[in-house]
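# Descriptive structure summary
Read off the chains here:
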Amino acid sequence: MNMSRQVQSTTSFMPFAFRWKDIPGFVERLEGQPLPVARIFGWFAADAMPAVALVTDSARTIQANTVARQPRPDVVAGRMFEGAFAGFVAEFLLEDGEQPATFLIGNSEVSLGDVSGFAAVRPHYDGLFTQREVLNRQHIYGSGPPTDVAGELKEFALLATGDILDFGCGNGDLLLHLRQNGKSAQGIELDEDRTRNALQASLVENVTFYDGGLPLPFAGGEFDSIVSTEVIEHVPGIESFVPELARILTATGRLFVTTPDITSVPSSFSTGTVPWHLLESTHLNFFTPKSVETLFQPRFQLEALYSLCSNRVSGLFIPGSIGAVFRKRPE
């Protein structure tokens, strides 16, 4: 009896039936690209698992990092196993660019086919795969230097016109993108070592460094547009900046804001997953599309709302970032 579940795979791997000590089992699928992790799923109709290993395309044999049992009610329903946990997942850690080739289980060898794309990226927190010590909150919730801006956020920022201020310009990635696309743009950022060191050298003359206080170091009506991508969630007392952003815009100026959408939390409920941005310890403010509008409503009128950098988990839509375009209200 073929007890394998129909699961879409991103590899050419073919499911494989095996027996060990006359006990049936099934190797079903391979997952993990583009991470430096290969996870092999299947089931085995006994409590004690046979030994498993992985051979890579460089002929290196890897012992499993972990082998864990999983619930498999379909196997139980087929009277193949009396316990609830017939399933298994075997996890193997790969070196950079290394590809899985053969899976060894008991006395059987399973060719993993023509697979590629593993170990193409090194994820943040990759040390957790091998972590043996108990970690505390301060080890997990953290922050780092400013990073590049996602492509969808860059396209959103290109909607800005006229003289543009990149409010919270980080390492200058977005500012450079705006200028390379013919925009008249300058940036403002906190005067800190981490931001000065992260800023691209070619942009130093286009960035104003300041102490984070108010008023902002610009004249009234100096800008036609303000762009602020993934910044307002980091700013303490963000409400006090709303009048200042309005002050330095022209009478018909527009504000382009993006920030993580915290409705990703209830949207992720059915998937059992946690939105990535919740691990960022410097996030002080958490927004929904409605609360972004409420924040800026005293001085700005919402013109358009965008859903940016969204994801799908188990087929379900998970919001990524809110994009909002505001027009300055008449004074």
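The shown structure was predicted, so the numbers you read here are calculated from the model rather than taken from an experiment. (Residues numbered from 1 in each chain as written. Predicted model: local features only at pLDDT ≥ 70, side-chain atom pairs only at ≥ 80, totals over all residues. Heavy atoms only, no water.)

Before going further, it helps to examine the overall build of the protein chain. A count of helical and extended segments in the protein chain gives 8 helices and 18 strands. The C-alpha radius of gyration computed for the protein chain amounts to 26 Å, which surpasses the reference 20 Å derived for 331 residues by more than 25%, pointing to a less compact arrangement than a globule. Projected onto the principal axes, the alpha-carbon positions of the protein chain cover approximately 80 × 40 × 40 Å. With 331 residues in all, the protein chain has 42% of them scored as buried. In the protein chain, the proportion of contacts linking residues at least 24 apart, taken out of those at least 6 apart, comes to 64%. As displayed, the protein chain has an accessible area near 17,200 Å², and 52% of this comes from carbon and sulfur atoms. (Helix = DSSP H or I, 4+ residues; strand = E, 2+ residues; numbered from the N terminus. Rg over C-alpha atoms; globule rule 2.2 N^0.38 Å. Buried < 20%, exposed > 50% of the residue type's maximum accessible area, 1.4 Å probe, protein only. Contact = heavy atoms within 4.5 Å. Areas by Shrake-Rupley, 256 points an atom, 1.4 Å probe, with all protein chains shown as cover.)

With that settled, consider helix H4 (residues 173-180). Here H4 has its buried residues at Asp173, Leu174, Leu175, His177 and Leu178. One or two residues past the end of H4 sits Gly182, with phi positive at roughly 80°.

When the pLDDT values of the protein chain are averaged, the result is 93; 96% of them are 70 or greater. Confidence drops under pLDDT 50 across residues 1-10; counting only partners more than four residues distant or on other chains, this segment forms 19 contacts. (pLDDT = per-residue confidence, 0-100.)

This part covers the sheet that holds strand S12 (residues 207-210). Within the open sheet, the 7 strands sit side by side as S12-S11-S10-S13-S14-S18-S15. Their pairing is mixed. Strands at the two margins of the open sheet, each flanked by one partner only, are S12 and strand S15 (300-308). Across the sheet, the mean angle from the axis of one strand to that of its neighbour is 20°, orientation sign disregarded. The pairing of strand S13 (residues 223-229) with strand S14 (residues 249-260) spans 6 bridges and is classified as parallel. Across the sheet, the residue bridging to Phe223 is Leu249, located in S14. Contacting S14, S15 and strand S18 (321-328), helix H8 (residues 289-296) crosses the sheet at an angle of about 25° to S18. (Pairing = 2+ DSSP bridges. Axes fitted to C-alpha atoms, helices over the stretch in contact; angles between N-to-C directions.)

In this section: the pairing of S13. Counted residue by residue, S13 has 6 buried out of 7 residues, so it is predominantly covered. With 3 bridges connecting them, strand S10 (residues 163-167) and S13 associate as parallel partners. Across the sheet, residue Asp166 finds its bridge partner in S13, namely Val227. Handedness of the β-α-β unit built from S13, helix H6 (residues 241-247) and S14 comes out right-handed. (Right-handed = clockwise from strand over helix to strand, strands pointing away.)

The subject of this paragraph is the pattern of salt bridges. Here the structure, examined in full by the defined rule, presents 16 salt bridges. Salt bridges here are not isolated pairs; linked through shared partners, they connect Glu28, Arg72 and Asp74. (Salt bridge = Lys/Arg side-chain N within 4 Å of Asp/Glu carboxyl O.)

The next point concerns the side chain of Ser225. Among the secondary structure elements, Ser225 is positioned in strand S13. Of the polar contacts made by the side chain of Ser225, one reaches the backbone oxygen of Thr161; its length is 2.7 Å. With residues up to four places along the chain from it excluded, the contact list for Ser225 reads Ala160, Thr161, Asp163, Ile164, Leu165, Leu249, Arg254 and Phe256. (Polar contact = N/O pair within 3.5 Å; in protein donor to acceptor, adjacent residues only side chain to side chain.)

We now examine the sheet that holds strand S9 (residues 108-111). Sheet architecture is open: 4 strands sit in the order S5-S4-S8-S9, paired in antiparallel fashion. Every other strand in the sheet has two partners, leaving strand S5 (61-63) and S9 as the edge strands with one partner each. Across the sheet, the mean angle from the axis of one strand to that of its neighbour is 25°, orientation sign disregarded. Across 3 bridges, the pairing between strand S4 (residues 52-56) and S5 is antiparallel. Paired with Ala53 across the strands is Gln63, a residue of S5.

For the rest of this paragraph, the subject is unusual backbone geometry. Peptide bonds are, in most cases, trans, and in most cases residues other than glycine have a negative phi. The linkage connecting Gln33 with the following residue, Pro34, adopts the cis geometry, with an omega of 0°. Position of Pro34 relative to the elements: it lies in the loop between strand S2 (23-31) and strand S3 (37-44). Located in the positive-phi region is Cys309, a residue other than glycine, with phi close to 55°. Take Cys309: it is sitting in the loop between S15 and strand S16 (311-313). A relative accessible area of 23% means that Cys309 is categorised as partly exposed.

So, about H8. Here H8 has its buried residues at Val292, Leu295 and Phe296. Looking straight down H8, one finds its buried side chains confined to an arc of 85°; they lie on one side. Projecting away from the buried face of H8 at angles above 90 degrees are the exposed residues Lys290 and Thr294. Contacts from the buried residues of H8 go to H6, S14, S15 and S18. (Arc of directions from axis to C-beta.)

According to the stated counting rule, one finds 11 aromatic pairs in the structure shown. Judged by centre distance (6.1 Å) and plane angle (55°), the ring pair of Trp20 and Phe44 falls under tilted. With Trp20 in strand S1 (residues 16-20) and Phe44 in strand S3, this residue pair connects regions lying 24 residues apart in the sequence. For the pair formed by Trp20 and Phe44, the shared burial category is buried. (Phe/Tyr/Trp six-rings, centres within 6.5 Å; stacked < 30°, edge-to-face > 60°.)

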